[in-house]
Amino acid sequence: MPATVVVGAQWGDEGKGKITDHMAESADFVVRYQGGNNAGHTIVVEDERFALTLIPSGVLNDTVTPVIGNGCVIDPAVLLEEMATLKSRGIDPSGVRISNNAHLIMPYHRRLDAVMERFLGRQQIGTTKRGIGPAYTDKFARSGIRVQDLFDPKIFRQKLEVALREKNLMLTKAYNQLPMEPGTIADEYLEMAEQIKPYVTDTSLLIWNALRADKNVLFEGAQGTLLDIDHGTYPFVTSSNPTAGGVGAGIGIGPMEIGRVVGVAKAYISRVGSGPFPTELDDKIGERMVEIGGEFGTVTGRRRRCGWLDTVALRYAVRINGISEIAFTKLDVLSHFDSLKIAVGYRSHEATYDEFPRQQRVLYDCEPIYQEVPGWSEDITAIRNYEDLPKNARDYVELVEDLVGVPIATVSVGPARSATILK
Ligand code: GDP
Ligand code: IMO
Ligand code: MG
């Protein structure tokens, strides 16, 4: 059975956690392939709200094996804490499997993330300060420390010492910070190693065998297409490939194993952190989206910037990921607006654009070209059949389908697992 990928089609926080949790009802494995605890996935099951940052959203289904692949960066303290929290709330996380090849987020990564952002001042990216960027930097500089190193204390201490020699120079000389102590960090990490050991495995082999056994494997992207290190609004991006192309490298399978790519898009759009945002609304309408949509970050609590749906960006996401269907979330948040706008192009003083501009400057300078459509006044949160949606809501959904060229297979009208319409 070919695998399915769930990918964020915007700047993150599209509702991937909710959609993954819903789809996980029929999955055997739910796999994270990139990112770390910069993700914040909120899932509501009946009246209970869960916020996951590292453990895959499938964990709330007891038939699912949650897997954290080699493409992820793991803060072991966060992993253990998240597992403990789940356990205290009656969820058994003991089935979690972690790649031996995933890189570790170390305390100096977190420290560097914070001080480097401060150093950038007004140019800052607005990271989650979880150490994500510095951990991936070390991975690519070949000075990272991997999960498997935890089980070879001598090698672990050696690698840590070498790494800290350089990091301490950076911390003290460039950023005016106190140096960090290798012994303390090693003791702390090696103690956690014992607790993590039962969950560590060759996740590539695990998923290979699952696919051979015709199991249902769901890949859960964190962040979103426009935060992709290669295809996003660089440098205001994360340090991994959240796009569907990241799956192969992030777990270790070939591209032929994937049969379906579900792009999750909000019925409007949001972004948290810095960077260009053509349809951003600095007015009462944007304010209303924040309030009704509860647009505050799951991880950092920051207020998310909101704006009208951007189908130029959404068509770009369809292309970059090979999205075969869209899960359209938070349609309920758009109730009670007299009219709604959808960006169908951009206009700058030089040209008009119907494709995502290759020169990023355009995203700052352009005006969106909007198509305006009538809104609806009904509360739609209790609706479960597509035909029962108000005509204007259906017209909105179908216009987006026409504009982006792929079907909207799922419409979400509330945070709860059950508030889902299969079209
Ligand atoms: P993710 O990072 O893509 O998983 O998204 P987040 O969990 O960070 O943000 C989405 C927020 O919207 C969460 O608080 C969800 O509970 C909530 N949510 C998801 N789908 C819907 C929906 O259809 N309607 C409403 N009102 N809220 C939703
Ligand atoms: P989920 O999975 C929204 C943003 C940060 C910052 C940039 C880089 O919940 O959709 P990082 O800490 O990754 O180096 O920060 O990326 N960012 C997210 N924005 N949702 C996320 O995850 C994000 N993860 C990172 O705000 O702008
Ligand atoms: Mg989120």
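Residue numbers run consecutively from 1 along every chain, following the written order of its sequence. A letter from A marks each chain and a number from 1 marks each ligand, given out in the order of writing. Residues qualify for local features only when their pLDDT is at least 70, as the model is predicted, and side-chain atom pairs are given and counted only at 80 or more; totals for whole chains, interfaces and linings, by contrast, use all residues. Note that water and hydrogens are dropped before the side-chain values are worked out from all heavy atoms of the structure.

Peer 1: Before we move on, can you summarise the overall build of the protein with the specific residues and values?
Peer 2: In terms of regular secondary structure, the protein is built from twelve helices and 20 strands. Put simply, the radius of gyration uses C-alpha atoms, and a globule should come to 2.2 Å times the residue count raised to 0.38. For 423 residues, the compact-globule estimate of 2.2 N^0.38 gives 22 Å, and the protein sits close to it at 22 Å. Projected onto its principal axes, the C-alpha coordinates of the protein cover approximately 65 × 50 × 40 Å. Three labels apply to residues, based on accessible area from a 1.4 Å probe with only protein chains included: buried if under 20% of the type maximum, exposed if over 50%, partly exposed otherwise in between. A total of 423 residues make up the protein; the buried ones form 56% of that total. Secondary structure elements follow DSSP: runs of H or I no shorter than four residues count as helices, runs of E no shorter than two count as strands, and numbering proceeds from the N terminus.

Peer 1: A description of the coordination of the magnesium ion (ligand 3) should follow, citing residues and the corresponding values.
Peer 2: Donor atoms (N, O, S) are those found within 2.8 Å of the metal centre, with the cutoff raised to 3.2 Å for Na, K and Ca; water is not part of the atom list, so apparent gaps in a site can occur. Within the protein, the atoms that donate to the magnesium ion (ligand 3) are Asp 13 (OD) and Gly 40 (O), at distances of 2.0 to 2.1 Å. Here Asp 13 is found in the loop between β1 (3-8) and α1 (16-23), whereas its partner Gly 40 is found in the loop between β2 (29-32) and β3 (41-45), with 27 residues between them in sequence. On the basis of relative accessible area, Gly 40 is assigned to the buried category, the value being 12%.

Peer 1: Pulling in residues and values, what's your account of the site of ligand 2?
Peer 2: Residue proximity to a molecule or strand is established when one non-hydrogen atom of the residue lies within 4 Å of it. Near ligand 2 lie 20 residues; those nearest to it are Asp 13, Lys 16, His 41, Thr 128 and Thr 238. Within 3.5 Å is the distance limit for a polar contact, defined as a pair of N or O atoms, with the added protein rule that one can donate a hydrogen and the other accept it, and that residues adjacent in sequence qualify only through two side-chain atoms. Backbone polar atom of Asp 13 to an oxygen atom of ligand 2: 2.8 Å apart, as the coordinates give it. Within the backbone of Gly 40, a nitrogen or oxygen atom sits 2.9 Å from an oxygen atom of ligand 2.

Peer 1: How would you sum up unusual backbone geometry? Please name residues and give values.
Peer 2: A negative phi angle characterises most non-glycine residues, just as the trans form characterises most peptide bonds. Omega for the bond connecting Tyr 234 with Pro 235 falls within 30 degrees of zero, at 5°, which places this linkage in the cis form. A positive phi is found at Asp 214, a non-glycine position, where the angle reads about 65°. Within the secondary structure, Asp 214 sits in the loop between α7 (203-212) and β10 (217-220).

Peer 1: Before we move on, could you go through the domain arrangement of the protein and cite the residues and values that matter?
Peer 2: Under the domain assignment, the protein is made up of domain 1 (3-99 + 201-262), domain 2 (103-197) and domain 3 (266-422). Bear in mind that the domain bounds are from an automatic or database domain assignment. Centre-to-centre, using C-alpha coordinates, domain 1 lies 23 Å away from domain 3. Two residues form a contact once any of their heavy atoms are found within 4.5 Å. Tallying the contact residues gives 37 residues for domain 1 and 40 residues for domain 3. Together domain 1 and domain 3 conceal approximately 3100 Å² of surface at their shared face, both sides included; 57% is due to carbon and sulfur atoms. Reported buried area values correspond to the accessible surface (1.4 Å probe) lost by two parts on association, with both partners' losses combined. Of all residues in domain 1, Gln 10, Trp 11 and Lys 18 give up the largest surface area on contact with domain 3, accounting jointly for 22% of the area buried on that side.

Peer 1: An account of the pattern of salt bridges is needed here, citing residue identities and associated values.
Peer 2: Each salt bridge in this description consists of a side-chain nitrogen of Lys or Arg and a carboxyl oxygen of Asp or Glu lying within 4 Å of one another. By the definition in use, this model includes 21 salt bridges. Across the pair Arg 361 and Asp 365 runs a salt bridge, and its minimum N-O distance is 3.2 Å. In this pair, Arg 361 and Asp 365 are both assigned in helix α11 (residues 361-365), four residues apart and thus about one turn of the helix distant. Three or more residues joined by partner-sharing salt bridges are found here, namely Asp 13, Lys 266, Glu 295, Arg 304 and Lys 330.

Peer 1: Describe the sheet that holds strand β9 (residues 200-201), naming the residues involved and giving the relevant values.
Peer 2: The mixed open sheet is built from ten strands, whose spatial order is β9-β7-β5-β2-β10-β1-β11-β15-β19-β20. Each having just a single partner strand, β9 and β20 (420-422) make up the two edges of the open sheet. When DSSP locates at least two bridges between a pair of strands, those strands are taken to pair.

Peer 1: So what's going on with the pairing of β10? Which residues, and what values?
Peer 2: In β10, alternate side chains face the same way, and those of Val 217 and Phe 219 on one face and Leu 218 and Glu 220 on the other are all buried. In terms of strand pairing, β1 meets β10 through three bridges, oriented parallel. Of the residues in β10, the one forming a bridge with Val 5 is Phe 219.

Peer 1: Describe the site of ligand 1, and please don't skip the residues or the numbers.
Peer 2: Near ligand 1 there are 18 residues, and of these Lys 16, Gly 40, Thr 42, Asp 332 and Ser 412 occur at the shortest range. One of the side-chain nitrogen or oxygen atoms of Lys 330 is found 2.8 Å away from an oxygen atom of ligand 1. Between ligand 1 and the protein, one listed contact pairs an oxygen atom with a side-chain N or O atom of Ser 412 at 2.5 Å. Residue burial considers only the protein chains on display, and all accessible areas are found by Shrake-Rupley using a 1.4 Å probe. For ligand 1, the protein covers 93% of the area, taking 580 Å² as the surface of the free molecule. For the shell around ligand 1, the leading source of residues is α1, giving three residues. Under the grouping applied here, Gly and all other residues not named as nonpolar or charged are polar, the nonpolar ones being Ala, Val, Leu, Ile, Met, Phe, Trp, Tyr, Cys and Pro and the charged ones Asp, Glu, Lys and Arg. Considered class by class, the residues forming the shell around ligand 1 number three nonpolar, eight polar and seven charged.

Peer 1: Tell me about helix α3 (residues 107-120), residues and numbers included.
Peer 2: Think of an α-helix as 3.6 residues a turn; residues three or four steps apart then line up on the same face. Take the residue count of a helix, subtract one, and multiply by 1.5 Å to get its expected span. With 14 residues, α3 should reach 20 Å at 1.5 Å per residue; the first-to-last C-alpha distance of 20 Å fits that figure. Where α3 is concerned, the buried positions are Pro 107, Tyr 108, His 109, Leu 112, Asp 113, Val 115 and Glu 117. Check the buried side of α3 and you find it contacts β8 (103-104), α4 (132-141), α5 (153-174) and α6 (182-196). Gly 121 occupies a position one or two residues after α3 and carries a positive phi of about 55°.

Peer 1: Before we move on, can you summarise the pairing of strand β11 (residues 258-266) with the specific residues and values?
Peer 2: The side chains of a regular strand alternate, residue by residue, between the two faces of the sheet. Direction of pairing for β1 relative to β11: parallel, over a ladder of six bridges. For Gly 8, the partnering residue across the bridge sits in β11 and is Val 264. Bridging between β11 and strand β15 (residues 325-329) involves five bridges; their strand directions are parallel. Looking at the pairing, Val 262 lines up with Glu 325 of β15.

Peer 1: So what's going on with the packing of aromatic side chains? Which residues, and what values?
Peer 2: Between 30 and 60 degrees the pair is tilted, below 30 it is stacked and above 60 it is edge-to-face, where a pair is any two Phe, Tyr or Trp rings, Trp via its six-membered ring, whose centres lie within 6.5 Å. Counting across every chain of the model gives eight aromatic pairs. Between Phe 119 and Tyr 175, the aromatic rings sit 5.4 Å apart at their centres with planes inclined by 85°, giving edge-to-face as the arrangement. Here Phe 119 is found in helix α3, whereas its partner Tyr 175 is found in the loop between α5 and α6, with 56 residues between them in sequence. Among the residues examined, Tyr 175 registers a relative accessible area of 18% and is labelled buried.

Peer 1: So, the environment of Leu 79: which residues are in play, and what are the values?
Peer 2: Residue placement: Leu 79 occurs in helix α2 (residues 76-88). Beyond its immediate stretch of four places on either side in the chain, Leu 79 contacts Leu 54, Ile 55, Ile 68, Ile 74, Ile 98 and Ile 196.

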